[in-house]
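# Secondary and tertiary structure notes
These are the residues of each chain, in order.
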Amino acid sequence: MGILELKEVTKSFGGVVALNRVSLEVEEGEITALLGPNGSGKSTLINVVSGVYPPDSGRIFFSGKEITSLSPHEIANLGIIRTFQVPRVFKNLSVIENMLVAAREQRGESLATTLFRWRDVRAQEEENIRKALEILEFLEIEHMKNEYAGNLSGGQQKLLALGRALMAEPKLLLLDEPVAGVAPPLARKIFEKILELRSKGLSFLIIEHNVDVLMDFAGFVYVLHRGEIVAKGKPEEILESKQVLEVYFGE
Amino acid sequence: MSTLLSYLVDTLIFINIFAILALSLNLEVGVTRLMNFGKVAFFAIGAYSSALVTLAGYPFWLGLLCGIVIAGITGFLVSIPALRLREDYLAIATIAFGEIIRLFLLNERWLTRGPIGLRGIPRPLKDVPMDYQTFYLLFSFAFLVVVFLFLHRVISSPFGRVLKAIREDELVAQSLGKNTFRFKAQAFVLGSSIASIAGSLFAHYLTFISPDMFMPTVTFAVWTMVVVGGRGNALGVVAGAALIQFMERTTRIMKDIADIGVEPVNLRMVLLGLLLILFIMYRPQGIFMEKKYEV
């Protein structure tokens, strides 16, 4: 059984069926990729899994527990953290502050603790700063820690969004085009980081267009077309599949 | 005391009171981006609660506390439907709420005496062995300091950081596991209670309040303080409050000093609007910018 399971998930907007009875599974400790042309429903799928839109029908399970229609923060707190196609960093906050927001179970998020047990808050804060700096170092943007996030380059913002997601201690990461618009050498580096994280036990569901990158890094691929899964398999099988060629290059 | 000195002390007292009000709006608007255009409602609730309780013979502290609690509860009740609205609709809903409160005060005569207002509101610690106006200056300043430090702690805490994250991008904050509705509601309740403190200080200083003191223009004046001073920067907001109140008090006494051919009170509204437009166009971040957090 996978860490994430979708069973016959359907979502439509008005008359447009964005997802039509989509079933898929993400294996624990694997990188599962979602491939498909623009408008095929990939981002909708991430939005449905992360609770932004409730599905019209179908069920979603995470580690065997049903999460269908939970709200985004509840799903995040179970350990599913998603990123966005556009990095959506908190532009007017510093890089380190972006990271710290994401830390889990912060005592200082309670007003009472903040007012009456400041020392506890400080202690946990120091711990979180240390952790945030470690992640920034891992992603090689530690030197930017005091910069406004809005001043970072596009690629650096992508890295920060990934770092911020890691700070939330995910079990499963949903990455919506983690290297879109990133220069190829940096894109490769980001995927190498993702491999490193996978070896530490993290699971991934990644939307990606770049077929080369997928072949090297993904363990399993689903192809989405007009809201339906039209092919699934190992990357090398997918590349040879007729449906995929049709989806991308026409019949 | 000479007239000029008395004018200065009076102005400073108003600055203290409105700085508290502006700081409460800053928590909502500057830090969290909750477009509250009904601030005056909570100012009025504080003023009337405190006045009614003390007129009934209870001490100032109890009046103050009642105001804080009533404003907090009202803020919570308003936040349940209002905070689910998009920010522009929130602005409209809160401006309407401000008017509802003012019309309530105007019409429920059995409680508020309607347009006649409440007179003879007792002054706290009126037997202090010093000039009472000077005392009230120190008294209101002490409240300002406490509110300032309190909000500084709140805003610089992880709680405040989540509020800023909500301001920047609410969906992202949710995706990182923050129950943003709870945070916004807490910010709104806190902002409402603090506005009520300013209301109490206002009522007990003037010793007379009436519904026409709580027109929507009060909200706009406080907004101008926050925008001009610098959204998110508490010291800036206090500076903004000082500037706007100085302008307001000065235009009030201008009539006695010089004839400038227009009604100074109307001139004040023109200046306020002009200032707001100029800042939004040419310096939207205000005089002072929000302080960057660094390690």
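Residues numbered from 1 in each chain as written. Chains lettered and ligands numbered in written order. Predicted model: local features only at pLDDT ≥ 70, side-chain atom pairs only at ≥ 80, totals over all residues.

A separate point is the interface of chain A and chain B. At the interface, 32 residues of chain A touch 23 residues of chain B. At the level of elements, α2 (72–78), β6 (80–82), α3 (95–101), α4 (111–116) and α5 (118–138) of chain A are the ones that each hand at least two residues to the side of chain A that touches chain B. The residue inventory of the side of chain A that touches chain B, partitioned by class, reads 15 nonpolar, 9 polar and 8 charged. (Contact = placed C-beta atoms within 7 Å. Helix = DSSP H or I, 4+ residues; strand = E, 2+ residues; numbered from the N terminus. Nonpolar A, V, L, I, M, F, W, Y, C, P; charged D, E, K, R; others polar.)

Let us look at the confidence of the model for chain A. Taken as a whole, chain A shows an average pLDDT of 91; of its residues, 99% reach a score of 70 or greater. Confidence, expressed as mean pLDDT per element, reaches its minimum in chain A at helix α10 (residues 242–249) of chain A with 73 and its maximum at α3 of chain A with 98. (pLDDT = per-residue confidence, 0-100.)

On to the sheet that holds strand β1 (residues 4–13) of chain A, then. All names here are of chain A. If you walk across this open sheet you meet the 4 strands as β2-β1-β4-β5, and the pairing is antiparallel. Sheet topology places β2 (16–26) and β5 (65–66) at the edges, where each strand pairs with a single neighbour. Pairing between β1 and β2: 7 bridges, direction antiparallel. Its bridge partner being in β2, K11 is matched across the sheet by L19. Contacting β1, β2 and β4 (57–62), helix α1 (residues 42–49) runs over the sheet at an angle of about 65° to β2. (Pairing = 2+ DSSP bridges. Axes fitted to C-alpha atoms, helices over the stretch in contact; angles between N-to-C directions.)

All names here are of chain A. Here we have 6 strands laid out as an open sheet, ordered β6-β7-β8-β3-β9-β10, and mixed in their pairing. Two strands close off the open sheet at either side, each with one partner strand: β6 and β10 (228–233). Along the sheet, successive strands turn relative to each other by an average axial angle of 20°, direction set aside. The sheet contact formed by strand β9 (residues 220–225) and β10 spans 5 bridges and is antiparallel. Bridge assignment links L224 to a residue of β10, and that residue is I229. Along the sheet, α1 contacts β3 (31–35), β6, β7 (172–176), β8 (203–207) and β9; its crossing angle with β7, the most-contacted strand, is approximately 145°.

Residues and elements named next belong to chain B. One way to put it is that helix α2 (residues 39–55) packs onto helix α3 (residues 60–82) with a least axis distance of 8 Å and a crossing angle of 145°. Relative to α3, α2 is oriented so that their crossing is right-handed. Of the residues in α3, those in contact with F42, I45, G46, S49, S50, V53 and T54 of α2 are F60, L62, G63, L64, C66, G67, I70, A71, T74 and G75. Tallied by class, the residues present in the contact of α2 with α3 amount to 9 nonpolar, 8 polar and no charged. (Left-handed = near helix turned anticlockwise from the far one by under 90°.)

Now for the domain arrangement of chain A. Residues and elements named next belong to chain A. As assigned here, chain A comprises domain 1 (4–89 + 166–249) and domain 2 (94–151). Taking the mean C-alpha position of each, domain 1 and domain 2 sit 28 Å from one another. The interface of domain 1 with domain 2 comprises 6 residues on the first partner and 9 residues on the second. For the side of domain 1 that touches domain 2, a count of residues per class yields 4 nonpolar, no polar and 2 charged. (Domains from an automatic or database assignment.)

Where a strand is regular, its side chains alternate between the two sheet faces. Residue and element names in this part refer to chain A. Of all the 5 residues making up β3, 5 are buried; the element is thus mostly covered by neighbouring parts of the structure. Alternating positions in β3 separate into two faces, I31, A33 and L35 on one and T32 and L34 on the other, with burial throughout. The pairing of β3 with β8 spans 4 bridges and is parallel. Paired with L34 across the strands is I207, a residue of β8. (Buried ≥ 20, exposed ≤ 12 C-beta atoms within 10 Å, placed from the backbone.)

Further remarks concern the confidence of the model for chain B. Keep in mind that low pLDDT regions are not for reading the predicted coordinates in detail. Scored by pLDDT, chain B comes out at a mean of 94, with 100% of its residues at no less than 70. Prediction confidence for the complex, expressed as pTM and ipTM, is 0.93 and 0.93 respectively.

Turning our attention to helix α7 (residues 184–199) of chain A. Counting along an α-helix, one turn takes 3.6 residues, and residues three or four places apart therefore face a common direction. Residues and elements named next belong to chain A. With 16 residues, α7 should cover 22 Å at 1.5 Å per step; its first-to-last C-alpha distance of 23 Å lies within 8% of that length. For α7, the full list of buried residues reads A187, F191 and I194. On an axial view of α7, the arc spanned by its buried residues comes to 50°, and they lie on one face. Exposed side of α7, more than 90 degrees from the buried face: P185, E192, E196 and S199 are the residues found there. Residues of α7 that are buried make contact with β3, β8 and α8 (211–217). (Expected span 1.5 Å × (residues − 1). Arc of directions from axis to C-beta.)

Right, let's talk about the packing of helix α1 (residues 3–31) of chain B against helix α9 (residues 180–206) of chain B for a bit. Residues and elements named next belong to chain B. Relative orientation of the contacting elements α1 and α9 amounts to 170°, with a least axis distance of 8 Å. One finds that α1 runs roughly antiparallel with respect to α9. Residues I13, I17, I20, L21, L23, S24, L25, L27 and E28 of α1 lie in contact with α9, whose contacting residues are A187, F188, L190, G191, I194, A195, I197, A198, L201, F202 and Y205. Residue composition of the contact of α1 with α9, grouped by class: 17 nonpolar, 2 polar and 1 charged. (Parallel < 35°, antiparallel > 145°, perpendicular 65-115°, else oblique.)

Backbone geometry places R21 of chain A, a non-glycine residue, at a positive phi of 45°. The residue R21 of chain A is located in strand β2 in this model. Judged by the 15 C-beta atoms lying within 10 Å of it, R21 of chain A falls in the partly exposed class. The phi angle at T207 of chain B is positive, at roughly 60°, despite the residue not being glycine. For T207 of chain B, the location among the structural elements is in the loop between α9 and α10 (216–229). A count of 13 C-beta atoms within 10 Å places T207 of chain B in the partly exposed class.

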